[in-house]
Amino acid sequence: MIRKVIVKKSRTWLRLDRSKTVSSPEHTQDLRQGFEFASQWRLMWWKFRKHKLAMIAVPVLLLLYLSAIFCDFLSPTLPTSRFADYKNAPPQGIHFYDKESGFSLRPFVYGMKMEMNKETFRRQFTTDKSKKYPLHLFVKGDPYSFLGLFPTTTHLIGTGNPDAPFFLMGTDSLGRDLLTRILYGARISLSFGIVGVLLTLALGLLLGGLSGYFGGFVDVVIQRLIDLLICIPTIPLWMALAAALPQDWTSVQLYFGMIIIFSAINWTDLARVVRGKMLSLREEDFTLAARLGGASNLRIIRKHMLPSFSSYIIVIATMAIPSTILGETALSFLGLGMQAPAVSWGVLLQDAQNLQTVAHEPWLLWPAAFIVVSVLMFNFVGDGLRDAADPYK
Amino acid sequence: MLTYISYRLLQMIPLLFVISVIVFVIIQLPPGDFLTTYVEQLRLSGSDVDASTIIQLKAQYGLDLPLYGQYWVWIKNIILHGDLGMSIQWNLPVSEVIGDRLLLTLLISVISLILIWIIAIPIGIYSATHQYSWLDYAFSFVGFIGLAIPGFLIALLLVYFVFNLTGLSVTGLFSPEYEGAPWSWGKLLDLLPHMIVPVIIVGLSGTAALIRITRGMMLDELSKQYVITARAKGVSERRLLFKYPVRLAIHPLVSTIGWTIPALISGEAIISIVLNLPTTGPILLKALMVQDMYLAGSFLLILSVLTVFGTLLSDILLAVVDPRIRFGGTRS
């Protein structure tokens with residue numbers, strides 16, 4: 001009898017799910033019953049969906065990561081190619097309308113003329129409206145190897161004319177296109193967050209798990225280690241350790257060296273949460289039941305404990321990504337992290353370090369905008385996940 | 001209470017020992033020792049170093065000893081003589097280079113801390129009592145930005161916008177005429193307006209965090225039964241609020257000092273580099289760049305030790321405020 005009712009109710013829910021109408025009170029009641037049948041992850045998704053900022057942030061982040069992956073195709077040129085005639089050129093606007101020829105569906109950019117400012121003796125660029133360069137999709141340009149797999153010369157957008165200026169975000173003091181460099185920099189900066197957090201996660205899970213599950217001496221040692229790491233101000237410690245990395249290391253070695261430094265310092269937050277959860281779950285009846293049933297330590301942890309706090313781990317890991325990205329940016333910005341031939345957002349911001357350059361070439365601050373957006377978006381997602389982490393609340 | 005404090009003090013000794021070992025290891029990380037770099041530098045600048053000076057310096061810093069011996073000499077010099085070693089870059093004892101700068105770092109951090117309290121607690125209480133009002137949303141939004149964007153980026157953008165709008169540069173802590181001058185009233189008065197920008201930027205993320213914590217605590221407290229009971233008995237809203245929930249919400253003030261201080265000092269280090277303040281940050285960076293490791297190590301050591309004492313202070317304060325901790329502490 002009871003089972004029949006349940007089946008009937010779940011059917012109502014299924015129908016509701018398809019029709020997507022949940023407004024009337026009658027439907028809300030059905031919805032509430034639907035919750036009783038949904039899995040934990042499904043409940044979390046429903047709750048996450050309600051967090052509007054997080055729902056905006058997810059597509060933005062996806063877009064950022066996709067453009068980091070396909071940066072070589074998306075960028076108009078190469079991060080190393082220099083345009084000697086266009087050093088410190090300001091960003092160009094894309095136009096559709098011209099006074100002489102009127103409106104054109106094909107967008108175009110104007111040429112640029114360099115002049116010496118007679119008062120300040122600085123080189124300045126002005127738009128040269130006599131020259132127009134129409135923009136095309138899939139133009140031939142500098143050769144590169146797409147995703148490192150096969151060589152090609154096709155870029156998503158450009159003028160197709162190697163001498164024409166096309167700098168949507170301006171150029172730096174060596175005449176390199178900033179947009180291209182930001183897109184390439186996204187590869188290092190954004191991946192650093194993910195890879196760094198993965199290693200932090202591994203360390204935090206391992207040490208926090210050991211600490212919480214075994215207790216006693218192991219616990220005391222690991223807890224004291226955490227106390228110790230919290231006592232040392234992180235940024236000076238990062239700086240000291242990063243400065244100790246050998247100077248002759250390649251970019252790849254530096255990248256992983258820095259990831260190791262970050263993880264070695266940042267695992268403490270995660271370890272504390274894991275330990276706390278372990279301590280409380282250890283006392284639960286289901287753990288005792290599993291142990292009486294003869295399950296091994298590893299099996300109890302993996303099969304019975306881990307699933308009940310994995311959502312919290314995801315939340316903390318998501319919250320740790322932006323701080324890892326910022327850490328890399330900060331160190332590279334100071335000149336202690338990634339070094340010049342490698343391009344990351346922090347390396348790019350090095351150019352904007354002094355007031356003089358920022359005042360004259362404010363477009364050099366563009367990487368900061370990308371950093372701020374990606375960090376904010378990660379925080380929104382983390383916030384949404386935190387609200388959703390315990391869907392039974 | 002005394003037993004609790006002495007217990008905590010005893011606990012600090014191994015902590016300080018391990019911190020000093022870590023710092024010593026960091027000092028030793030770059031290849032070669034400081035003496036070879038020092039002698040090399042003097043040779044490059046043309047002045048020859050006679051062998052007796054080298055031998056004397058070697059003995060003073062125990063460089064001919066094995067590593068643990070070197071550590072022993074280093075820590076003995078610090079504890080007994082307050083001698084932190086030589087800075088090769090400045091050719092001065094480290095303590096002379098550090099002095100003033102450390103004071104300014106501490107000054108900025110402490111003022112930021114006080115500012116954080118003054119700003120965050122009332123806002124947190126307001127946001128909790130006016131949950132979902134537009135001001136609550138506004139504070140949450142500002143808090144989000146304060147938490148998400150690091151101080152050095154805010155500093156960078158602020159420097160740009162202030163310069164762009166007013167043509168003023170907000171970098172530095174002193175007007176040019178006071179820069180190298182000894183301390184005086186004039187210099188102190190000159191310092192105050194210059195501190196406003198750094199203090200605000202350093203305190204921003206801490207403020208955002210504390211607003212969130214206070215708001216959360218207040219919301220938890222306000223939904224408790226004693227509040228409902230008091231309201232049912234006709235206690236006025238103001239009295240109801242300040243009698244119990246606010247007192248509890250002030251609790252994180254004390255309990256978060258432990259991690260707020262290292263965060264402030266950390267943040268100050270990098271913000272001061274962007275704003276070009278004469279504090280520890282820029283000199284630490286420069287020391288690391290040229291591998292002036294005694295100087296860099298000393299900064300790390302002193303900042304860490306200060307943090308340990310700050311945490312101790314907050315734990316003692318917490319024990320004063322909260323008897324549960326006091327008694328729990330003595331039992332274990």
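Residues numbered from 1 in each chain as written. Chains lettered and ligands numbered in written order. Predicted model: local features only at pLDDT ≥ 70, side-chain atom pairs only at ≥ 80, totals over all residues. Heavy atoms only, no water.

## Topic: the overall build of chain B
Within chain B, the regular secondary structure consists of 16 helices and 2 strands. The principal-axis extent of the C-alpha atoms belonging to chain B is close to 85 × 60 × 35 Å. Burial status across chain B gives 46% buried among its 332 residues. Expressed as a percentage of contacts within chain B between residues at least 6 apart in sequence, the contacts between residues at least 24 apart total 72%. For chain B, the exposed area adds up to about 17,000 Å²; of that, 69% sits on carbon and sulfur atoms. (Helix = DSSP H or I, 4+ residues; strand = E, 2+ residues; numbered from the N terminus. Buried < 20%, exposed > 50% of the residue type's maximum accessible area, 1.4 Å probe, protein only. Contact = heavy atoms within 4.5 Å. Areas by Shrake-Rupley, 256 points an atom, 1.4 Å probe, with all protein chains shown as cover.)

## What about the overall build of chain A?
Secondary structure assignment for chain A yields 14 helices and 5 strands. Computed over the C-alpha atoms, the radius of gyration of chain A is 27 Å, more than 25% above the 21 Å expected from 2.2 N^0.38 for a compact globule of 393 residues. On the principal axes, the C-alpha backbone points of chain A span a range of 85 × 60 × 40 Å. Here chain A holds 393 residues, and the buried ones make up 47% of them. For chain A, the share of sequence-separated contacts (at least 6 apart) that also reach a separation of at least 24 residues comes to 66%. Side-chain charges of chain A comprise 40 positive and 28 negative groups, with the mean position of each set lying 10 Å from the other. (Rg over C-alpha atoms; globule rule 2.2 N^0.38 Å. Lys, Arg positive; Asp, Glu negative; His and termini not counted. Charge placed at Lys NZ, Arg CZ, Asp CG, Glu CD.)

## Things to note about unusual backbone geometry
All names here are of chain B. Of note, the phi angle at tyrosine 132 is positive, near 65 degrees, even though the residue is not glycine. Structurally, tyrosine 132 is set in the loop between helix 5 (94–129) and helix 6 (134–148). Taking the relative accessible area as the measure of exposure, tyrosine 132 reaches 55% and is therefore exposed. In this structure, asparagine 276 takes a positive phi of about 55 degrees despite not being glycine. Inspection of the secondary structure puts asparagine 276 in the loop between helix 13 (257–275) and helix 14 (280–289).

## Remarks on the side chain of serine 20 of chain B
Residues and elements named next belong to chain B. Tracing the sequence through the fold places serine 20 in helix 1 (residues 2–28). Classification of serine 20 by relative accessible area gives buried; the value is 4%. Here the side chain of serine 20 touches tyrosine 71 through a polar contact of 2.5 Å, side chain to side chain. In contact with serine 20, not counting residues within four places along its chain, are Tyr71, Trp74, Ile75 and Leu301. (Polar contact = N/O pair within 3.5 Å; in protein donor to acceptor, adjacent residues only side chain to side chain.)

## Thoughts on helix 8 (residues 234–243) of chain A
Among the 10 residues of helix 8 of chain A, 8 are classified as buried, and the element is accordingly described as predominantly covered. Listing the buried residues of helix 8 of chain A in full gives Ile235, Pro236, Leu237, Trp238, Met239, Ala240, Ala242 and Ala243 of chain A.

## Some remarks on the environment of tyrosine 86 of chain A
The topology assignment puts tyrosine 86 of chain A in the loop between helix 5 (71–74) and strand 1 (95–98). As for tyrosine 86 of chain A and alanine 68 of chain A, which are separated by 18 residues in sequence, their C-alpha atoms are 25 Å apart.

## Here's the deal with the nonpolar core
Counting 169 residues, the largest nonpolar core has Met239 and Leu349 of chain A together with Trp74, Leu153 and Leu288 of chain B as its most contacted members. With 14 residues, the single largest contributor to this core is helix 11 (residues 297–334) of chain A. (Core = buried A, V, L, I, M, F, W, Y, C linked by side-chain atoms within 4.5 Å.)

## Details of the interface of chain A and chain B
In this assembly, 40 residues from chain A lie in contact with 38 residues from chain B. Seen at the junction of chain A and chain B, the total is 1 salt bridge. One salt bridge connects aspartate 383 of chain A with arginine 212 of chain B, and the closest N-O pair in it is separated by 3.4 Å. Across the chain A-chain B interface, the total number found is 1 residue pair in polar contact (both at pLDDT 80 or more). Of all the secondary-structure elements, those providing two or more residues to the side of chain A that touches chain B are helix 7 (216–231), helix 8, helix 11, helix 13 (355–360) and helix 14 (366–389) of chain A. When residues of the side of chain A that touches chain B are assigned to their parent elements, the largest contribution, 9 residues, is made by helix 14 of chain A. (Salt bridge = Lys/Arg side-chain N within 4 Å of Asp/Glu carboxyl O.)

## Quick notes on the packing of aromatic side chains
Under the criterion given, the structure shown has 15 aromatic pairs over all chains. Centroid distance phenylalanine 17 of chain B to tyrosine 71 of chain B: 6.2 Å. Interplanar angle 85 degrees. Geometry classified as edge-to-face. With a gap of 54 residues between them, phenylalanine 17 of chain B in helix 1 and tyrosine 71 of chain B in helix 4 (residues 67–81) connect regions that are remote in the sequence. Sitting over the ring of tyrosine 312 of chain A, lysine 277 of chain A keeps its end group 4.1 Å from the ring centre. (Phe/Tyr/Trp six-rings, centres within 6.5 Å; stacked < 30°, edge-to-face > 60°. Lys NZ or Arg CZ within 6 Å of the ring centre and 35° of its normal.)

## Points about the sheet that holds strand 1 of chain A
Across a sheet, strands are paired by hydrogen bonds formed along the backbone, either parallel or antiparallel in direction. All names here are of chain A. In spatial order, the strands read 1-2-3; together these 3 strands make up an open sheet with antiparallel pairing. In the strand order of this sheet, the two ends are held by strand 1 and strand 3 (123–134), each with one partner. Ignoring which end each strand starts from, the neighbouring axes of this sheet average 60 degrees apart. Pairing analysis gives 3 bridges linking strand 1 to strand 2 (residues 102–116), with the strands arranged antiparallel. Each bridged residue has a counterpart across the sheet, and for tyrosine 97 the counterpart in strand 2 is phenylalanine 103. (Pairing = 2+ DSSP bridges. Axes fitted to C-alpha atoms, helices over the stretch in contact; angles between N-to-C directions.)

## Section: the packing of helix 8 of chain A against helix 9 (residues 251–282) of chain A
All names here are of chain A. The interhelical angle for the contact between helix 8 and helix 9, taken along N-to-C directions, is 150 degrees, at an axis separation of 10 Å. Relative to helix 9, the element helix 8 is oriented roughly antiparallel. Crossing hand, helix 8 versus helix 9: right-handed. Contacts between helix 8 and helix 9 pair Thr234, Leu237, Trp238, Leu241 and Ala242 from the former with Ile261, Phe262, Ile265 and Asn266 from the latter. (Parallel < 35°, antiparallel > 145°, perpendicular 65-115°, else oblique. Left-handed = near helix turned anticlockwise from the far one by under 90°.)

## So, the pairing of strand 4 (residues 136–146) of chain A
Residue and element names in this part refer to chain A. Strand direction decides the pairing type here: strand 4 and strand 5 (residues 150–158), joined by 7 bridges, are antiparallel. Within strand 5, the residue paired with leucine 137 across the bridge is isoleucine 157. The antiparallel hairpin formed by strand 4 and strand 5 contains 3 residues in its connecting segment, where leucine 147 sits at a positive phi of about 55 degrees.

## Quick word on the side chain of serine 211 of chain A
Residue and element names in this part refer to chain A. Here serine 211 lies in helix 6 (residues 178–214). In this structure serine 211 comes out as buried when scored by relative accessible area, which is 0%. Within the structure, serine 211 has its side chain in polar contact with the side chain of arginine 275 (distance 3.5 Å).

## Observations regarding the pairing of strand 3 of chain A
All names here are of chain A. Alignment of strand 2 against strand 3, held across 9 bridges, turns out to be antiparallel. What sits directly across from lysine 113, in strand 3, is threonine 126. Connecting the antiparallel pair strand 2 and strand 3 is a turn made up of 6 residues, with phenylalanine 121 showing a positive phi of about 55 degrees.

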